[in-house]
Amino acid sequence: MASSTKSGSKSSRKSAKPSKNGKSGAAGLDESDVASKTDQLELFRQMYLIRQFELACGENYSKGLIRGFLHLYIGQEATGVGAISTLREDDYVVSHYRDHGHALARGLDVNRAMAELFGRATGTSKGKGGSMHLFDVAKRFMGGHAIVAGQLPLAAGLALAQQYQKTDGLTMCFFGDGSTNQGIYHETMNLAAIWKLPILFFLENNMYGMGSSIERVRAGGIDFYPGMATYEIPAVEVDGMDVLAVREATEVAITRIRKGEGPQFIEAKTFRFGGHSLADGQKYRGQEEVKEWEERDPVITFPKKLAEMGLVTQNQINEIKSGVDESVAKAVKFATESPEPDLSEINTDVLA
Amino acid sequence: MSQIVLREALKRGLEEALENDPRVFMMGEDIGEYGGAYAVTDGFLKKFGPERIKDTPISEQAFLGAGIGAAAAGLRPIVEFMSISFSLVAFDQIVNMAANLRYMSGGQISVPMVIRAPTGAGVQLAATHSQSFETWLAEVPGMKVVCPSNPYDALGLMRSAIKDDNPVLVAEPALLYGVKGDVPDEYYEIEIGKADVTRTGRDITLVSYGYGMRLLNEAANALAERGVSAEVIDLRSLNPLDIDMIVYSVQKTNRVVVVDTARRVGGIMAEVAADLQQKASEWLDGPVMRVGSADVPWPYNRGLEQEVLTNADDVLAAVAEGFGI
């Protein structure tokens, strides 16, 4: 509801429902876990890695070692990690400008990713792309795209190639709620639907397009998945703060895609705990709302739940944490010590 | 050797690529069932099937963007805009994605895609259907822009464009689809980035591309009647721009007129003129004369449109004004 009051909006935000895929999301931790214990620890490791990586980015941005715009993924870790954990190596991943989390979940080298943010020659794009343009074609991580919704047709084209080549590979495309008011969003949905492309549209609805609450800029409320009926694209909503729920919903969707059922759509309700970028003073929202979401921080709640249920020990969690802390510290060191790109690089990579 | 029209030359280039390379496929509005707005792809759907001749919705951003993705995944898409004026709605995809991807990814991605589009005014389609945006796209690093003026070049450039590993815009002058010319039966290509001296002369160099070449030929004939020998150069490629060939010619003729049929302001000839000023001033006996269409939106009325559009008389007037010949 476009005219909903603040309290009304809060209650509707809180009501972010669990997965509509049959199994309830948070109940993923029962005997019939889709993820084994090892997998769960790995999911935690990835979420924690992203969190620590992002914190290190923020710190080095303050020091002036990272420049440009820096959009952190803090708070949204469960969505990217849960979704990408279901993919095969031959699937493509396409992301938006808040791409560090997806890149790391896809297995990009932490050192080279950090070096790219530092603009160094050892970076994934040799320092030519920066934070918003991470790429690793060997991992089929196809960017890092900074024009809102501009990555959607690219992803459709990758999926088109997979279909054309008669593989059962698929393309997972992330985008935010801000994308949904761009014409190209609707064009791409239609194109993917009529051509039955093997693509998973993954909406990370973090409730804000930069400083604009979606309730202010979208007719029809905060839920996008019902609108997919227009394109006859099956769509579900999932709790984006619950990594196992995300994983389950994604597995259902990609199974359908691999069977040739065409595009699927998942909307994860999630939240960025920080501003749009590090330049954002967040004058447009109250800290109370942020706190409410922070209570559901997946990097804290997930390992806690695992430990409470006796699936992992605190020691295991601590071990993972110290391993990650060390790798992030190493990445910062690697980036700091890496050379600046040679000026001759200006004229390379313009044309093939 | 056979004499064919430019439309047929383009068609031959596309057809042989579809026959020889399974990675090549086409997308565009009404290229299949309808046969293409200018009939370039007529019969393709029947011959190659709907997987390779893909009719698209009227969604230029989406299908152009999908072409980029398919190219990044190793296919070689050929994407058609029904008019270059319609490319505007997809400029974000062309510029921000197709042209930038390679650089942004540090060379990891290449986009071997051909974008085809009819270009130019002259058939009373008014402001939204008569523009020549190859001139805008020619300044974008990361892509190439070519424009043929005759069937021979159309086939040779199309072959090279399809083989190129970069995004290449092939701007097809709408007024020239029916123009006839000789095309050899033996295989040949035309290197992208090389201009062509289509007529040699001593006294003055005339430069244009695409539809403008028709005007230059008319002007050169008129000058010949007066005993003035004009050298005529067809850019063929707007990016890369073969400025060296023009400089070389000017060293001989010492006079030059550069001609756009697109709007004068911001046209590619502004670039050519500036380069010549820097690289050829010591050989020039006068100013670099520049001719282009009037800087107004394209009018519908025939009389108005013809007045706006550059013609051979405009070229001759520039020759007279600049050099008194």
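Keep in mind that what you see is a predicted model, and the values were worked out from it rather than measured.

Parameters and conventions
- Residues numbered from 1 in each chain as written.
- Chains lettered and ligands numbered in written order.
- Predicted model: local features only at pLDDT ≥ 70, side-chain atom pairs only at ≥ 80, totals over all residues.
- Contact = placed C-beta atoms within 7 Å.
- Helix = DSSP H or I, 4+ residues; strand = E, 2+ residues; numbered from the N terminus.
- Nonpolar A, V, L, I, M, F, W, Y, C, P; charged D, E, K, R; others polar.
- Core = buried A, V, L, I, M, F, W, Y, C linked by C-beta atoms within 7 Å.
- Buried ≥ 20, exposed ≤ 12 C-beta atoms within 10 Å, placed from the backbone.
- Domains from an automatic or database assignment.
- Pairing = 2+ DSSP bridges.
- Axes fitted to C-alpha atoms, helices over the stretch in contact; angles between N-to-C directions.
- Parallel < 35°, antiparallel > 145°, perpendicular 65-115°, else oblique.
- Left-handed = near helix turned anticlockwise from the far one by under 90°.
- Right-handed = clockwise from strand over helix to strand, strands pointing away.

A. Examining the interface of chain B and chain A more closely. Contacts between the two partners involve 34 residues from chain B and, on the opposite side, 32 residues from chain A. Listing elements by their share of the side of chain B that touches chain A, those giving two or more residues are α3 (60–72), α4 (91–99) and α5 (101–104) of chain B. Among the elements that line the side of chain B that touches chain A, the one with the most residues is α3 of chain B, at 10 residues. Counted by class, the side of chain B that touches chain A contains 15 nonpolar, 15 polar and four charged residues.

B. Layout of the nonpolar core. The biggest cluster of nonpolar side chains holds 194 residues, and the ones touching the most others in it are A156, C173 and L200 of chain A together with L206, V257 and V315 of chain B. Looking at this core element by element, the count peaks at 10 residues for helix α2 (residues 37–62) of chain A. Residue contributions to this core reach at least three from each of two domains, namely domain 1 (2–183) and domain 2 (196–323) of chain B. Among all residues touching C173 of chain A, those that are not within four sequence positions of it are V94, Q151, L152, A155, I199, L200, F201 and F202 of chain A. Among the nonpolar cores identified, the runner-up in size contains six residues, and Y208, I222, F271 and W293 of chain A belong to it.

C. Examining the environment of V114 of chain B more closely. Residue and element names in this part refer to chain B. With respect to the element layout, V114 can be found in strand β5 (residues 114–119). In the structure, V114 is positioned 49 residues away from K163 in sequence and 9.2 Å away in space, judged by C-alpha atoms. Not counting chain neighbours up to four residues away, the residues in contact with V114 comprise I78, A161, I162, V168 and V170.

D. Up close: the sheet that holds strand β3 (residues 199–205) of chain A. Residue and element names in this part refer to chain A. Read from one edge to the other, the open sheet built from five strands follows the order β1-β2-β3-β7-β6, with strand pairing classed as parallel. For this open sheet the edge positions go to β1 (92–94) and β6 (235–239), each flanked by a neighbour on one side alone. Shown here is a sheet whose adjacent strand axes are inclined to one another by a mean of 20 degrees, direction ignored. As defined by bridge partners, β1 adjoins strand β2 (residues 171–176) across three bridges and the pair is classed as parallel. Paired with V93 across the strands is M172, a residue of β2. Contacts between helix α6 (residues 151–164) and the sheet are confined to β1, β2 and β3, with β2 contributing the most and set at about 170 degrees to the helix.

E. Structural context of the packing of α6 of chain A against helix α7 (residues 183–194) of chain A. All names here are of chain A. Here α6 crosses α7 at 15 degrees, and the two axes come no closer than 8 Å. As the angle between them shows, α6 and α7 are arranged roughly parallel. When the axes of α6 and α7 are compared, the crossing they make is left-handed. Note on element contacts: α7 touches α6 through I184, Y185, T188, L191 and A192, opposite L152, P153 and A156. Its residues assigned to classes, the contact of α6 with α7 comprises seven nonpolar, one polar and no charged.

F. The packing of helix α1 (residues 6–20) of chain B against helix α7 (residues 151–163) of chain B, seen in detail. Residue and element names in this part refer to chain B. At a minimum axis separation of 8 Å, α1 and α7 run at an interaxial angle of 25 degrees. Between α1 and α7, the angle is such that the two are roughly parallel. Once α1 is placed against α7, the crossing between them reads as right-handed. Across from L6, A9, L10, R12, G13, L14 and A17 in α1, the residues of α7 making contact are P151, A154, L155, M158, R159 and I162. Of the residues belonging to the contact of α1 with α7, the class tally is 10 nonpolar, one polar and two charged.

G. The arrangement of the pairing of strand β7 (residues 264–269) of chain A in detail. All names here are of chain A. Burial runs high along β7: six of the six residues are buried. Residues Q264, I266 and A268 of β7 are buried on one face, and the alternating residues F265, E267 and K269, pointing to the opposite face, are buried as well. Here six bridges tie β3 to β7, and the two strands are oriented parallel to one another. Bridge pairing in β7 places L203 opposite E267. Looking at chain direction, β6 and β7 are connected through five bridges and run parallel. Bridging from a neighbouring strand, V236 pairs with I266 of β7. Crossover connection from β6 via helix α9 (residues 243–258) to parallel β7: handedness right-handed.

H. Inspection of unusual backbone geometry at higher detail. Omega for the bond connecting N239 of chain B with P240 of chain B falls within 30 degrees of zero, at 0 degrees, which places this linkage in the cis form. One non-glycine residue, R140 of chain A, lies in the positive phi region at around 55 degrees. Take R140 of chain A: it is sitting in the loop between α5 (110–117) and α6. For R140 of chain A, a count of 20 C-beta atoms within 10 Å puts it in the buried group. Residues other than glycine seldom take positive phi values, yet M207 of chain A does so here, at roughly 80 degrees. Tracing the chain through its elements places M207 of chain A in the loop between β3 and β4 (208–209). By the C-beta count within 10 Å, which is 21 here, M207 of chain A ends up buried.

I. A look at the domain arrangement of chain B. All names here are of chain B. You can read the domains of chain B as domain 1 (2–183) and domain 2 (196–323). Placing a centre on the C-alpha atoms of domain 1 and another on those of domain 2 gives a separation of 26 Å. Each partner contributes to the interface: domain 1 provides 25 residues, whereas domain 2 provides 22 residues. Secondary structure elements with two or more residues in the side of domain 1 that touches domain 2: α6 (134–137), β6 (144–146), α7 and β7 (168–173). Looking at which element gives the most residues to the side of domain 1 that touches domain 2, the answer is β6, with three residues. Across the side of domain 1 that touches domain 2, the residue classes tally to 13 nonpolar, nine polar and three charged.

J. View of the pairing of strand β13 (residues 256–263) of chain B. All names here are of chain B. The buried fraction of β13 is high, at eight of eight residues. Of the strand pairs in this sheet, strand β10 (residues 204–208) and β13 are connected by three bridges, and their pairing is parallel. Bridge pairing in β13 places L206 opposite V257. Here β13 pairs with strand β14 (residues 289–293) via four bridges, running parallel. Looking across to β14, one finds that V257 is bridged to M289.

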